[in-house]
Amino acid sequence: MTVQKFEEKYGDKGGINKLTELRSLLFTQKYIANHFGVTKERARQWILEFFGEPYNPIADRRDAIMLNMVDFAKNNTKRQFDLAFRGTQYYREVLSICIEQKIYDTI
């Protein structure tokens, strides 16, 4: 599919600009598919076709979450960090990073 055909068919849903935005904001293929009213497989094909690479935002999303947690740590006490993130998936890993970066003294 060409960009022009995509615009003709999906322009009312934001067209290629919306597809690009959803991809850059790390939305899931399922979300993208639902937005455009197509299957997840079709969304996968579009991304491969238009951007030239498979799309798997999991690692990027993980990195973004962890960076946000570190930023939170830089502006808040260890107690506030614990209250906000203890028990979450990346808590221990980010806490180790915070100690390495001397944001917090100890675990």
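This text goes with the structure placed above it.
Since we're looking at a predicted model, the values are computed, not measured.

Draft legend 1. Molecular detail of the environment of Tyr10. Within the secondary structure, Tyr10 sits in helix 1 (residues 3-10). The buried category is assigned to Tyr10, whose relative accessible area is 9%. In this structure the C-alpha to C-alpha distance between Tyr10 and Gly37, which are 27 residues apart in sequence, comes to 9.5 Å. Excluding residues within four positions of it along the chain, Tyr10 makes contact with Met1, Gly15, Phe36, Val38 and Trp46.

Draft legend 2. View of the packing of helix 6 (residues 78-85) against helix 7 (residues 91-100). Two elements in contact, helix 6 and helix 7, have axes separated by 11 Å at closest approach and are oriented at 160 degrees. Taken together, the axes of helix 6 and helix 7 are roughly antiparallel relative to one another. Seen along the crossing, helix 6 lies across helix 7 with a hand that is right-handed. Between helix 6, through Lys78, Phe81, Asp82 and Phe85, and helix 7, the contact on the second element is made entirely by Tyr91, Val94 and Leu95. Here the contact of helix 6 with helix 7 is composed, by residue class, of five nonpolar, no polar and two charged.

Draft legend 3. Summary view of the environment of Lys9. For Lys9, the location among the structural elements is in helix 1. Residue Lys9 is classed as exposed on the basis of its relative accessible area, which comes to 54%.

Rules behind the numbers
Per chain, residue numbering runs from 1 following the sequence as it is written. Whole-chain, interface and lining totals are the exception, using all residues; otherwise, since this is a predicted model, local features are given only for residues with pLDDT of at least 70 and side-chain atom pairs are given and counted only at 80 or more. For the side-chain quantities, the full set of heavy atoms in the structure was used; hydrogens and water were omitted. Think of it this way: any DSSP run of H or I at least four residues long counts as a helix, any run of E at least two long counts as a strand, and we number them from the N terminus. Only protein chains enter the accessibility calculation, which uses a 1.4 Å probe; a residue whose area is less than 20% of its type maximum is buried, one above 50% is exposed, and one in between is partly exposed. Any two residues whose heavy atoms approach within 4.5 Å at even a single point are treated as in contact. Think of each axis as a best-fit line through the C-alpha atoms, taken over the contacting stretch in the case of a helix, with angles from 0 to 180 degrees between the N-to-C directions. Any angle from 65 to 115 degrees is called roughly perpendicular, while one under 35 is roughly parallel, one over 145 is roughly antiparallel, and all others are oblique. Helix crossings are classified by the rotation of the near helix relative to the far one: an anticlockwise turn of less than a right angle makes the crossing left-handed, while a clockwise turn makes it right-handed. The nonpolar class holds Ala, Val, Leu, Ile, Met, Phe, Trp, Tyr, Cys and Pro. Asp, Glu, Lys and Arg form the charged class, and all remaining residues, Gly among them, are polar.

Any link to function would need more than the numbers given here.
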